[in-house]
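Structural overview for review
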Amino acid sequence: MSISRRNARRSVRILGLASASAALVLGVSGQALACNISEFSAEAVCNGGKASIVVTDKDFSGQKATVTVFLENNGADEKKIGEQEVTGTREGAQITFDEDWKPGAVYRVSVNVPRFINNKDITPNLTAPATACEKEASPAPSDSASESAKPSPSETKPAEESASPSDSASESAAAPASDVPSNAPSAAIGDSNLAETGANSNTGLIAGVAGALVVVGGGAVYFGMRRRGAKTGS
């Protein structure tokens, strides 16, 4: 075998080893850069008067990470706020924890990525702002709403109408009282005529009948006396 062929084989071997080493170094360094805890950040924010904690993941390798948030008290976990999963992107993927944080409250944010990040904390711990979120003022009731609350004339009218049937009912209840016969003696016929005219309308008739009777009686007495005198003279 010639010297040139030996040199060629050695060159190929050296190039192969160099390529493999470079690929290994690039792969390891790429994984180390993509799954570093420094790619994660957290902040306490206010959104429309609502307090929350937002965690951002800029791990562009696409590894799924589990993020857990704890409320701290004197350097110890007081309570677990929540746990969520996030898949990072180069621009940054965000997850939100609903937490009505108090001014100056301290939170520990832990990140776990299998084979890369083993439950490491974002440092330093998250400290909430010194000013609480301002609650949004509730809108004042509009004029249309207040007007709709007022009763309309059509709504009040039935109440007024409902009162009138009761009045008519009271009148109808009082009316039949006049038809009930009374125990008091009724006025005499003559009294009623006197009350209407001021004198008895039959007085003239009675006087005429009485005068006729007197005349008839006087005639009867006269004829009777004549008959009686005639009988005694014979």
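Predicted model, so just to flag it, every value in this text is computed and none were measured.

Of all ten residues in strand β3 (residues 64-73), seven are buried; the element is thus mostly enclosed. Where β3 and strand β4 (residues 76-87) come together, ten bridges link them in antiparallel fashion. Residue pairing for β4: V69 is matched across the bridge by G82. Count of turn residues in the β3/β4 antiparallel hairpin: two residues, of which N74 carries a positive phi of about 55 degrees. Across six bridges, the pairing between β3 and strand β6 (residues 106-113) is antiparallel. Paired with F70 across the bridge in β6 is R108.

On to the environment of K79. Along the polypeptide, K79 turns up in strand β4. Once the C-alpha coordinates of K79 and V69 are considered, the two residues, ten residues apart in sequence, prove to be 8.9 Å apart. Among residues more than four places away in sequence, those in contact with K79 are F70 and L71.

Moving on, we get to the state of the cysteines. What the rule picks out here adds up to one disulfide. What pairs with C46 in a disulfide is C133, and their sulfur atoms sit 1.8 Å apart. Residues C46 and C133 are joined through a disulfide that is left-handed, its torsion about the S-S bond being -85 degrees. In this pair, C46 is assigned in strand β1 (residues 40-47) and C133 in the loop between β8 (126-127) and α2 (143-149), connecting sequence segments 87 residues apart.

The next subject is the sheet that holds β1. The strand order across the open sheet built from three strands is β1-β2-β5, with neighbouring strands paired in antiparallel fashion. In the strand order of this sheet, the two ends are held by β1 and β5 (93-98), each with one partner. Strand-to-strand, the axes of this sheet are offset by a mean angle of 25 degrees, without reference to chain direction. Pairing analysis gives eight bridges linking β1 to strand β2 (residues 50-57), with the strands arranged antiparallel. Across the sheet, residue F40 finds its bridge partner in β2, namely D57.

Okay, unusual backbone geometry next. Backbone torsion omega between T123 and P124 reads -5 degrees, so that peptide bond is classified as cis. Of note, P124 is situated in the loop between β7 (117-121) and β8. The phi torsion at R115 lies on the positive side, around 75 degrees, for a residue other than glycine. Residue position: R115 is located in the loop between β6 and β7. Even without glycine at this site, N119 takes up a positive phi of about 50 degrees. Here N119 is to be found in strand β7.

Another aspect to go through is the confidence of the model for the chain. Across the chain, the average pLDDT comes to 74, with 55% of residues at 70 or higher. Residue range residues 172-182 is modelled with pLDDT below 50. Its contacts to residues more than four positions away, or to other chains, number zero contacts. This model gives residues 184-199 a pLDDT under 50, and the stretch forms five contacts once residues within four places in sequence are excluded.

Looking now at the nonpolar core. In terms of nonpolar packing, the biggest core is built from 25 residues, with V67, W101, Y107 and V111 touching the most fellow members. Among the elements of the structure, β1, β2, β3, β4, β5 and β6 are those that each provide at least two residues to this core. The residues touching Y107, leaving out its near neighbours within four places in the chain, are I53, V69, F70, L71, E72, I81, E99, W101, K102, N125 and L126.

Calculation notes
- Residues numbered from 1 in each chain as written.
- Predicted model: local features only at pLDDT ≥ 70, side-chain atom pairs only at ≥ 80, totals over all residues.
- Heavy atoms only, no water.
- Buried < 20%, exposed > 50% of the residue type's maximum accessible area, 1.4 Å probe, protein only.
- Helix = DSSP H or I, 4+ residues; strand = E, 2+ residues; numbered from the N terminus.
- Pairing = 2+ DSSP bridges.
- Contact = heavy atoms within 4.5 Å.
- Disulfide = S-S within 2.5 Å.
- Axes fitted to C-alpha atoms, helices over the stretch in contact; angles between N-to-C directions.
- pLDDT = per-residue confidence, 0-100.
- Core = buried A, V, L, I, M, F, W, Y, C linked by side-chain atoms within 4.5 Å.

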